[in-house]
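# Examining the three-dimensional arrangement
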Amino acid sequence: MNTYPHHIGDFNTATRHLSRDERAMYRDMLDMYYDKECPLDGSDFDLLAKRLLCVTPEDVASLQFLLQEFFEEQEDGQCRHHPSERNLAIYRSNHDPAAPAKKNQTP
């Protein structure tokens, strides 16, 4: 998925309590989620941290906090972000190659 909806007011309201670095990391997490079109793989936390460029202990702590705050960890380690899942479902329904093509019909 090349683009995704970003509602500035909703994002600001949901992240007002975060530091600037945490807000940037959260955006990186969302970018990764939409780029791969699937939940974040938290089954190997160290690998996820590396992929998100979390190198300092503070970065790692921020990542742990953000996962707890905004994502739901599944039994298999996948970290779901429900707003992203809704957007991906809409995207997939609009881009399903098996769906009939929409024709430009002129009356």
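Refer to the preceding data block for the structure.
Residues numbered from 1 in each chain as written. Predicted model: local features only at pLDDT ≥ 70, side-chain atom pairs only at ≥ 80, totals over all residues. Heavy atoms only, no water.

## Observations regarding the packing of aromatic side chains
Taken as a whole and assessed by the stated rule, the structure comprises six aromatic pairs. Residues tyrosine 33 and phenylalanine 71 carry aromatic rings whose centres are separated by 6.3 Å and whose planes lie at 40° to one another, so their mutual orientation is tilted. One end of the pair, tyrosine 33, is in helix α2 (residues 20-36); the other, phenylalanine 71, is in the loop between α4 (57-70) and β2 (72-73), with 38 residues separating them in the sequence. Of the residues examined, tyrosine 33 reaches a relative accessible area of 0% and is grouped as buried. Residue phenylalanine 71 is classed as buried on the basis of its relative accessible area, which comes to 8%. For the cation-ring pair, arginine 27 lies above phenylalanine 11, with the distance from its terminal atom to the ring centre recorded as 5.6 Å. (Phe/Tyr/Trp six-rings, centres within 6.5 Å; stacked < 30°, edge-to-face > 60°. Helix = DSSP H or I, 4+ residues; strand = E, 2+ residues; numbered from the N terminus. Buried < 20%, exposed > 50% of the residue type's maximum accessible area, 1.4 Å probe, protein only. Lys NZ or Arg CZ within 6 Å of the ring centre and 35° of its normal.)

## Notes on α2
Over its 17 residues, α2 extends 25 Å from the first C-alpha to the last, a length consistent with the 24 Å expected when each residue adds 1.5 Å. Those residues of α2 that sit buried are Glu22, Met25, Tyr26, Met29, Leu30, Met32, Tyr33 and Tyr34. Where α2 is buried, its residues meet α1 (8-15), β1 (40-41), α3 (45-51), α4, β3 (78-80) and α5 (82-94). Glutamate 37, located one to two residues past α2, shows a positive phi value of around 55°. (Expected span 1.5 Å × (residues − 1). Contact = heavy atoms within 4.5 Å.)

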